[in-house]
Amino acid sequence: MAVNKIVKSSRLVLQVQTGLKADGTAASKERSFTNVKIDALDADVYAVAQGLAGLQKNPVLAVFRVDEGEMINV
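This section reports on the structure supplied with the text.

Conventions and cut-offs
- Counting from 1, residues in each chain are numbered in the order their sequence is written.
- Predicted model: local features are reported for residues with pLDDT of at least 70 only, side-chain atom pairs are reported and counted for 80 or more only, and whole-chain, interface and lining totals are derived from all residues.
- Side-chain metrics rest on all non-hydrogen atoms present in the structure, leaving aside hydrogens and water.
- A run of H or I in DSSP counts as a helix once it spans at least four residues, and a run of E counts as a strand once it spans at least two, with each numbered from the N terminus.
- In this setup the radius of gyration rests on C-alpha atoms only. A globule is expected at 2.2 Å times the number of residues raised to 0.38.
- Contacts between residues were defined by any pair of non-hydrogen atoms, one from each residue, lying within 4.5 Å.
- In this tally, Lys and Arg are treated as positive and Asp and Glu as negative; His is ignored, and so are the chain termini.
- For this purpose, a charge sits on NZ of Lys, CZ of Arg, CG of Asp or CD of Glu.
- Pairing between two strands is assigned when DSSP locates at least 2 bridges connecting them.
- Residues belong to one nonpolar core when they are buried, are Ala, Val, Leu, Ile, Met, Phe, Trp, Tyr or Cys, and are joined through side-chain atoms within 4.5 Å.
- Partly exposed describes any residue whose relative accessible area lies between the buried limit of under 20% and the exposed limit of over 50%, with all areas from a 1.4 Å probe on protein chains only and scaled to the type maximum.
- Pairing of N or O atoms within 3.5 Å defines a polar contact, subject to two protein rules: one partner must be a possible hydrogen donor and the other a possible acceptor, and residues neighboring in sequence count only if both atoms are side-chain atoms.

## Comments concerning the overall build of the protein chain
Point 1. A count of helices and strands for the protein chain gives one helix and three strands.
Point 2. Counted from the first residue to the last, the protein chain has its helices and strands arranged as β-β-α-β.
Point 3. Against the compact-globule benchmark of 11 Å for 74 residues, the protein chain has a radius of gyration of 16 Å, which places it well outside the compact range.
Point 4. The C-alpha extent of the protein chain, read off along each of the three principal axes, is 50 × 30 × 15 Å.
Point 5. Relative to all contacts within the protein chain whose residues are 6 or more apart in sequence, the contacts with residues 24 or more apart total 67%.
Point 6. Where the 9 positive side-chain charges of the protein chain centre and where its 8 negative ones centre are 7 Å apart.

## Regarding the pairing of strand β2 (residues 26-33)
Point 1. Direction of pairing for strand β1 (residues 3-20) relative to β2: antiparallel, over a ladder of eight bridges. Bridge assignment links Gly 19 to a residue of β2, and that residue is Ala 27.
Point 2. Counting the residues that bridge the hairpin from β1 to β2 gives five residues, and of these Gly 24 lies at a positive phi of roughly 95°.

## Observations regarding the nonpolar core
Point 1. With seven residues, the main nonpolar core is built from Leu 12, Leu 14, Val 16, Val 36, Val 45, Ala 49 and Leu 52.
Point 2. Of all elements in the fold, only β1 and α1 (42-53) reach the threshold of two or more residues within this core.
Point 3. In this view, Leu 52 contacts Leu 12, Leu 14 and Phe 33; residues no more than four positions away in its chain are not counted.

## Notes on the side chain of Ser 10
Point 1. Its place among the elements puts Ser 10 in strand β1.
Point 2. A polar side-chain atom of Ser 10 sits 2.6 Å from a polar atom in the side chain of Asp 67.
Point 3. Apart from residues no more than four positions distant in its own chain, Ser 10 is found in contact with Thr 34, Asn 35, Val 36, Ile 38, Arg 65, Val 66 and Asp 67.

So far we have only geometry, and geometry alone does not tell us how the molecule works.
Here it is in structure tokens:
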């Protein structure tokens, strides 16, 4: 059985440090940017994330690309 995924939407997520928890670990929030072109290259999306990171008040801990799609049996 072969399964294919058809990507329907994509978004860029920046995990931003907002402070420290009582135990000393980083407290964070996510900033989401929707409507990323589904055919955009990961390297290009990452380059945009680096540009957006420079505009953030707090340091960026991680960059994620979240693709959502439909899985079909072919």
